[in-house]
Amino acid sequence: MTSIFRDSSKSVMGSLNAQEKVLLRPVMEWGRGFYLTVGGLAAIAAVGVFAYFTQLRDGLAVTGMRDTVSWGLYIINFVFFIGISHVGALLSSILRLTGAQWRHPITRMAEAITFAALLMGALMPIVDLGRPERVLNLITNGRLQSPILWDILSITTYLTGSVIFLLLPLIPDMALLRDKFANAPAWRRWIYKIFSFGWRGTPEQHARLERSMNTMAILILPIAVMVHTVVSWIFAMTLRPGWNSTIFGPYFVAGALASGAASVVLAMAVFRKMYHLDKFITLDHFKKMAVLVLTLDILYLYLNISEYVTLAYKMQGPEKAELGELFTGRFAGMFWTTQIVGLIVPACLLVLPSIKAVTGLSRIRPLRPLPLAVGGAILFAISLATPFAQSFLGTDLSLLIAVLRVGVLMLAGLAVLSLLPWLQARPVTSFVIASALIVVQAWFKRFLIVVPVMENPFITEGNAALSLYRPTWVEWAITAGAMAGFLLIYFLLSRLVPIVSVWETAHAKSAETVAGPAHSPLPVPTSSPEV
Amino acid sequence: MLRKKRHVVISTLIIALLFPLPVHAHGQAVTISVGRDGYDDMVNYKVDVEAGHEVTITFTYDDADLATDNPHEIQILGAGVDLPTVTVSRDHPVATITFTPTQTGTLTILCIVPCIGMEKLVGGSIHVVKPKESGLSTSLALALSPRDEESALATVTLVDARGDPISGVPVTFTLHTSVGGELELGSPITREDGTAVLKVSAAPGQSLLISAAFEGGNGLGFSEFSSEITMPGDPETTPIGSLSSPTPPPVLALILLIVLGGIWVTYGTVVYQVFRIRSGGVK
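Residues numbered from 1 in each chain as written. Chains lettered and ligands numbered in written order. Predicted model: local features only at pLDDT ≥ 70, side-chain atom pairs only at ≥ 80, totals over all residues.

1. Some details on the overall build of chain A
Counting its regular elements, chain A contains 19 helices and zero strands. The contacts in chain A between residues at least 6 apart in sequence include a share of 84% that link residues at least 24 apart. (Helix = DSSP H or I, 4+ residues; strand = E, 2+ residues; numbered from the N terminus. Contact = placed C-beta atoms within 7 Å.)

Have a look at this one:
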């Protein structure tokens, strides 16, 4: 570990209590892992910047977008990032307003996700413009009646509100860093001094801070809902089959909340592991978040069913072509994967630790690793030998191949079943896998919302442009760069300020000492190795 | 009234001569010249080919007048086809590709190597349409007449080779839009007398070019007919809705001002509170 201080960090560590030592260690010590992570992410971001300069030089022709499909990966990324950003403000404000004491270790993680995701999300439409210098035209020549202008106004408002909402609870921690880290580099001391706003912890300062935080917690709720509703209106207020829907507002908000909450679970797991925060982010926190993610996942699944079944029942009009592409056509694989693997499987994984019957599966002999491995090896050997046998014997072995495929499917099913007791004993792993699936699903779902609709307009015009969208390396590189940029901002933020609020955690501990521990809605397995 | 009808008939004939309808690739063979100015044959015509039948596309090099070679590597993309690229150049001025499209839709043709005029070589397309049913020949007549100031009636009459009406079958009406696209209007079922009627929305003075097509089937062959009408009356300036007007409606502006103004004023109050913290939080 490399200390950020001019002299040893031992003297600083000596002045901290046990809790502060754990929470401030990532801020104080930047080891090799830190520089490698930053270097790796910066390198990917640099590739994205290079791709963007290629696009600037050669124009949008270097992308896969043409007249018919004029929105591609950039708008998909935009909706994805805005969605991810959703939960930080909402989760934090709801928990703050309801006085949930367990919120303290996770609110800053959530708020920081909002900040980083909004920065990247707001960048994407500018990248999509092709000519970034024309972005001001949206303001100077923007029409107040256009949802595009509403979008700019609401995102700007949301970004400003999120920054304030992130900064307010940071003030006491900034003051702590200012006071304790007198030997830190000048630029860091300057940041801590500026953003601590002269905090001394007087009762008057506490009262003003509490009042400001409560005001922002109330205000940020409707703003967050408004932002994603307006994002959905960009689609829904366009006359296009697939977007002409009245439920797009809540549909987008629910999807955003589900993916945002899932991303908070991922952040919790990563920071817990990376910064050794096991004492602060406990299994109980994961279980509470799992209940939230499960609720939002099921809500989003319900809205998906409502949206698609309404159209699919009629299967008429201009939607027919688009739905055909989704259900059985070019996008069928992606569509069904997002619905099943991205929404249904995560729901199962999130409830898995609460299903007692799963424990009994480990007692079934065929579901143990050895029989499964032997069965898999036999099937694999036969499947390798079958083509040779077919050519050698000169007979049609298609029936055997079909049987082998059924066998492979059954074995895969058994393998999944055999994993369930293992996952049940590791609820955090189960929640993390579920959350990762939901986040990945969120990106592909946005792809499915944007691209198939653009490829199937009301008026088909084959001569005008390519009607099939295939993203180019430029778009993929910029997408990868944006993802890396998001992670980089988030990671650097976690190394500049404590990712778990020090003063609020101390406050919650003292409150817990008086009132007793909070009750968990889900039973905690006593044999769990991850407690 | 009689003068108006005559005017409609004459204008229909003139426009039908001036704007030829999409041509079908007879014998499923298409020749496309490729050059720095684009795909010549794609400029004025849409080329349709039928799914399930073999198609031969011949690309010819059209840049022989250039001092240097300007090779084009052509790729055809689309659902249901997986084709190798072909190259036309000074040394290989003709390239042929033969395939059988399996799905209806649009095949796009693009040049995938840097060349002069590349920006014009990304938008070529060939429409793969349903195969035309063969069978007893059918005949279809389409008459367009103004219904009222805002709509026209498209009446189609479908008969067989003997002139007997064909009832109970769908006829698809398609509007050829002013931007060059096609908009499917509907597929009403023919009545006892072989007619099917569709109401089409139109504005005074607007020209409508409409096609009606019978897909065939059950031993009957494909038939289609196109007709155009110019609606009576002078073109009117459509009253613009408040959300489409150049200037924003005052109510909307007021709502946005109140909502956003309220939010930003609250932000201002919070920031003010933060700066009061700096001064020790004392009132």
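2. Section: helix 13 (residues 319-327) of chain A
Note on helix geometry: an α-helix contains 3.6 residues per turn, so any two residues three or four positions apart are oriented the same way. All of the buried residues in helix 13 of chain A are A:Glu319, A:Glu322, A:Leu323, A:Glu325 and A:Leu326. End-on view of helix 13 of chain A: buried residues confined to an arc of 155°, all on one side of the axis. (Buried ≥ 20, exposed ≤ 12 C-beta atoms within 10 Å, placed from the backbone. Arc of directions from axis to C-beta.)

3. Some details on the nonpolar core
With 133 residues, the main nonpolar core has A:Met109, A:Ile113, A:Ala261, A:Val264, A:Val265, A:Met268 and A:Val293 as its most contacted residues. Here A:Val293 is in contact with A:Ala258, A:Ala261, A:Ala262, A:Val265, A:Leu350, A:Ser435 and A:Ile438, once residues within four sequence places are set aside. By size, the runner-up hydrophobic cluster in this structure holds 20 residues, among which are B:Ala152, B:Phe173, B:Leu208 and B:Leu220. (Core = buried A, V, L, I, M, F, W, Y, C linked by C-beta atoms within 7 Å.)

4. Let's talk about the sheet that holds strand 8 (residues 94-99) of chain B
Taken in spatial order, the four strands make up an open sheet running 3-2-5-8 (chain B), and their pairing is mixed. Each edge of the sheet is formed by a strand with only one pairing partner; in this case those strands are strand 3 (38-39) and strand 8 of chain B. (Pairing = 2+ DSSP bridges.)

5. Describing the environment of A:Gly249
Residue and element names in this part refer to chain A. Assignment of secondary structure puts Gly249 in helix 11 (residues 248-274). Under the C-beta neighbour-count criterion, Gly249 is labelled partly exposed, with 18 such atoms within 10 Å. Sequence spacing of Gly249 and Val230 is 19 residues, and the spatial spacing of their C-alpha atoms is 7.5 Å. When near neighbours in sequence (up to four residues on either side) are disregarded, Gly249 contacts Thr229 and Ser232.

6. So, the sheet that holds strand 13 (residues 172-176) of chain B
Residue and element names in this part refer to chain B. Across the sheet, which stays open at both edges, the four strands sit in the order 14-13-16-17 with antiparallel pairing between neighbours. What marks the edges here is a single partner per strand, and that holds for strand 14 (182-186) and strand 17 (223-230). Averaged over all pairs of adjacent strands, the angle between their axes in this sheet comes to 25°, without regard to strand direction. In terms of strand pairing, strand 13 meets strand 16 (residues 207-214) through five bridges, oriented antiparallel. Looking at the pairing, Leu175 lines up with Ile210 of strand 16. (Axes fitted to C-alpha atoms, helices over the stretch in contact; angles between N-to-C directions.)

7. Focus: the packing of helix 11 of chain A against helix 17 (residues 427-455) of chain A
Residues and elements named next belong to chain A. The N-to-C vectors of helix 11 and helix 17 enclose an angle of 135°; their axes lie 8 Å apart at closest approach. With respect to each other, helix 11 and helix 17 are oriented oblique. Considering the relative orientation of helix 11 and helix 17, their crossing is left-handed. Side by side, helix 11 and helix 17 meet where Gly255, Ala258, Ser259, Ala262, Ser263, Val265, Leu266 and Ala269 of the first sit next to Val428, Phe431, Val432, Ser435, Ala436, Ile438, Val439, Ala442 and Lys445 of the second. A breakdown of the residues in the contact of helix 11 with helix 17 according to their chemical character gives 12 nonpolar, four polar and one charged. (Parallel < 35°, antiparallel > 145°, perpendicular 65-115°, else oblique. Left-handed = near helix turned anticlockwise from the far one by under 90°. Nonpolar A, V, L, I, M, F, W, Y, C, P; charged D, E, K, R; others polar.)

8. Details of the environment of B:Ala152
Residues and elements named next belong to chain B. Positionally, Ala152 belongs in strand 12 (residues 151-160). Taking the C-alpha atoms as reference, Ala152 lies 5.9 Å from Lys199; in sequence the two are 47 residues apart. Ignoring anything within four residues of it in the chain, the contact list for Ala152 reads Leu144, Ser145, Pro146, Arg147, Val200, Ala202, Leu208, Ile229 and Met231.

9. A closer look at unusual backbone geometry
One non-glycine residue, A:Phe197, lies in positive phi territory at about 50°. One can find A:Phe197 in the loop between helix 9 (186-196) and helix 10 (203-236). At B:Asn218, a residue that is not glycine, the phi angle is positive and equals roughly 55°. Inspection of the secondary structure assignment puts B:Asn218 in the loop between strand 16 and strand 17.

10. Details of the confidence of the model for chain A
Looking at chain A, pLDDT values average 84 and 90% of them are 70 or higher. Per-element mean pLDDT across chain A ranges from 63 in helix 1 (residues 10-14) of chain A up to 94 in helix 18 (residues 473-496) of chain A. (pLDDT = per-residue confidence, 0-100.)

11. Details of the packing of helix 4 (residues 73-97) of chain A against helix 10 of chain A
All names here are of chain A. In contact at an axis separation of 9 Å, helix 4 and helix 10 are set at 150° when each is read in the N-to-C sense. Comparing the axis directions of helix 4 and helix 10 gives the class roughly antiparallel. At the point where helix 4 passes helix 10, the crossing takes the left-handed sense. From helix 4, Val79, Ile82, Gly83, His86, Ala89, Leu90, Ser93, Arg96 and Leu97 reach across to helix 10, where they touch Met213, Ala217, Ile218, Ile220, Leu221, Ala224, Val227, His228 and Val231.

12. So, the pairing of strand 10 (residues 124-129) of chain B
Along any regular strand, the residues point their side chains to alternate faces of the sheet. Residue and element names in this part refer to chain B. Counting buried positions along strand 10 yields five of six residues, so the element is predominantly enclosed. In this structure, strand 9 (residues 105-111) lies alongside strand 10, joined through five bridges in antiparallel fashion. Residue pairing across strands places Thr106 opposite His127, the latter belonging to strand 10.

13. Focus on the confidence of the model for chain B
Residue and element names in this part refer to chain B. When the pLDDT values of chain B are averaged, the result is 80; 82% of them are 70 or greater. Taken element by element, the predicted model of chain B shows its lowest mean pLDDT in strand 1 (residues 23-24) (42) and its highest in strand 12 (92). Low pLDDT (under 50) marks residues 12-26, which in the prediction has 17 contacts with non-local residues, meaning those over four places away or in another chain. Quick note on the complex model: pTM equals 0.70, ipTM equals 0.78.

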